[in-house]
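Structural overview
Take a look at the letters that make up each chain.
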Amino acid sequence: MAHSLGSVATYEALWAYPHLKVDLLITLGSPLALPHAVFDRLEPAPVNGRGRRPPGVKQWVNLADPGDLVAIPPGGVEATFDGVDTDRSGSVAIHTFDFHLVANYLASPRVADLLGPGLA
């Protein structure tokens, strides 16, 4: 599970170490799709305007509050990355005012639902 800039570091680390096997990657409030500031600077670089799921990741779920300004553009990570299994950008309200705080993402029932099968 990775939040905000941590999702960028995690994405690049998983590409740098493709032998690592990850059953479920959850990105929360991720700026991965943010043009110019993040997306265009990723390693490996996107190809034909598309990023890809890291090779060792079995399933990728992205979650972002509709008010989270870090997790833009609208349409979420799925709009610019291939291999995102589920993208809940803009469809899950995390908090009324503090959209981007990791504590609020972690307190969300939606995140608990995503983790449930992995914890069982």
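Our structure's up above, just so we're on the same page.
No experiment lies behind these values; they were computed from the predicted model shown. (Residues numbered from 1 in each chain as written. Predicted model: local features only at pLDDT ≥ 70, side-chain atom pairs only at ≥ 80, totals over all residues. Heavy atoms only, no water.)

A short note on the pattern of salt bridges
Charged atoms that come close allow side chains of opposite charge to pair. Heads up, the rule is: A carboxyl oxygen of Asp or Glu within 4 Å of a side-chain nitrogen of Lys or Arg is what we treat as a salt bridge. Put simply, DSSP marks the helices as runs of H or I at least four residues long and the strands as runs of E at least two long, and each gets a number from the N terminus on. Remark: exposure states derive from per-residue accessible area (1.4 Å probe, protein chains only) relative to the maximum for the residue type, with buried under 20%, exposed over 50%, and partly exposed in between.
By the definition in use, this model includes three salt bridges. Notably, a salt bridge pairs D82 with R50, separated by 2.8 Å at the nearest N-O pair. Of this pair, D82 sits in strand β5 (residues 81-82) while R50 sits in the loop between β2 (22-28) and β3 (51-52), and the two are 32 residues apart along the sequence. Residue D82 is classed as partly exposed on the basis of its relative accessible area, which comes to 38%.

Observations regarding the pairing of β2
We apply this condition: At least two DSSP bridges between two strands are required for those strands to pair. We call a crossover right-handed when, viewed with the strands running away from us, the connection from the first strand over the helix to the second turns clockwise.
Pairing geometry for strand β1 (residues 2-3) and β2, over two bridges, is parallel. Along β2, the bridge assignment pairs H3 with L28. For the crossover from β1 across helix α1 (residues 5-16) to β2, the handedness is right-handed. Bridge count for β2 against strand β4 (residues 57-64) is six bridges, and the pairing is parallel. Note on β4: the bridge partner recorded for L24 is Q59.

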